[in-house]
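# Coordinate analysis (summary)
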Amino acid sequence: LLTNDDGIYAEGLWALYKSFAPQHKVTVVAPDRERSAVGHGITLYKPLRKTKIEVGDGFCGYAVSGTPVDCIKMGLMQILDKRPDLVISGINRGANVGININYSGTVAAAREAAIYKVPAIAVSVKGDDHMGYDEAARFTAHLAEHVFKKGLPSGTILNVNIPDIPIKEVAG
């Protein structure tokens, strides 16, 4: 299950989709518009709406009228027929470190998945997106395979911040 806080049309989300879809069943459930810095907020006093949309190259996903946490709830309880193996939230533009993780919708979506006992990774790229999202998506796919094989302790998420440099230049 893929989501984000940048909205259904965000380039980082679809880079993840392209990276995972050839080998995995992928469902995208993301906010219908940008919902950055909403933290772990949920929608209470108005109905949530989901719309199936197509985003270039035939990629389909569900746009939800709520927050990233609403997207996880709706994905797990309404859209998916069975529990996903993994939730990945991102790829967010800009780092989610320090106090920012408290405000981040990207990280909150991963935390919500962990509440439901689904392993989750929040992924962000630090910088101005000079490297593009494709390398970060490939790295995330590699990391996800490792997480799937080894698992994560219950209630634990990974918050990954990838530097804005080519992956081959990352020192560790």
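Description of the structure in this document. Throughout this description, residue numbers start from 1 for each chain and increase along the sequence as written. Only residues with pLDDT of 70 or above have their local features reported here, since the model is predicted, and side-chain atom pairs are shown and tallied only from 80 upward, although totals for entire chains, interfaces and linings are computed over all residues. The basis for the side-chain values is all heavy atoms of the structure; hydrogens and waters are excluded.

### With respect to a nonpolar patch on the surface
A cluster of nonpolar residues, Ile42, Leu44 and Tyr45, forms a patch on the protein surface that exposes about 410 Å² of accessible area. Position of Leu44 relative to the elements: it lies in the loop between β2 (29–31) and β3 (50–55). Note on classification: 1.4 Å probe, protein chains only; a residue is buried when its accessible area is under 20% of the maximum for its type, exposed when over 50%, partly exposed between these limits. By relative accessible area, which is 58% here, Leu44 ends up exposed. Patch building starts from residues that exceed 30% relative accessible area and form no salt bridge, then joins like charges within 9 Å and nonpolar side chains (Val, Leu, Ile, Met, Phe, Trp, Tyr) within 5 Å. Surface accessibility follows the Shrake-Rupley procedure with a 1.4 Å probe radius. Residue values consider only the protein chains on display as shielding. Definition used for salt bridges: Asp or Glu carboxyl oxygen within 4 Å of a side-chain nitrogen of Lys or Arg. Runs of E in the DSSP output that reach at least two residues are strands. Runs of H or I that reach at least four are helices, and both are numbered from the N terminus.

### Focus on the sheet that holds strand β7 (residues 157–163)
The strands that make up a sheet pair up through hydrogen bonds in the backbone, lying either parallel or antiparallel. Spatial strand order, β1-β5-β6-β7: four strands in an open sheet with parallel pairing. What marks the edges here is a single partner per strand, and that holds for β1 (2–3) and β7. Strand contacts of helix α1 (residues 11–20): β1 and β5 (87–93), with the helix running at about 135 degrees to β5, the strand carrying the most contacts. Between any two strands, at least two bridges found by DSSP are needed for them to pair. Residues are treated as being in contact if the distance between any of their heavy atoms lies within 4.5 Å. Here an axis means a line fitted to C-alpha atoms, over the contact stretch when the element is a helix, while the angle between two N-to-C directions is reported on a 0 to 180 degree scale.

### Some thoughts on unusual backbone geometry
Phi is mostly negative for residues that are not glycine, and the peptide bonds are mostly trans. Cis rather than trans, the peptide bond between Gly90 and Ile91 has omega equal to -5 degrees. Locating Ile91 in the fold gives a position in strand β5. In the Ramachandran plot, Ala37 falls in the positive-phi region, its phi being about 65 degrees despite a non-glycine side chain. With respect to the helices and strands, the residue Ala37 is situated in the loop between β2 and β3. Of the residues examined, Ala37 reaches a relative accessible area of 55% and is grouped as exposed.

### What about the pairing of strand β6 (residues 120–126)?
For β6, the tally of buried residues reaches six of seven residues, placing the bulk of the element in the interior. Summarising the sheet, β6 and β7 pair through seven bridges and their orientation is parallel. The residue bridging Val123 from the neighbouring strand is Val160, located in β7.

### A short note on the sheet that holds strand β4 (residues 59–64)
One open sheet accounts for three strands, arranged β2-β4-β3; its pairing is mixed. What marks the edges here is a single partner per strand, and that holds for β2 and β3. Each neighbouring strand pair of the sheet contributes to a mean axis angle of 40 degrees, computed without reference to strand direction. Across three bridges, the pairing between β2 and β4 is parallel. Across the sheet, Pro31 pairs through a bridge with Val64, a residue of β4. Contacting β2, β3 and β4, α1 runs over the sheet at an angle of about 135 degrees to β4. Against the sheet, helix α2 (residues 68–79) touches β2, β3 and β4, its axis set at about 150 degrees to β2.

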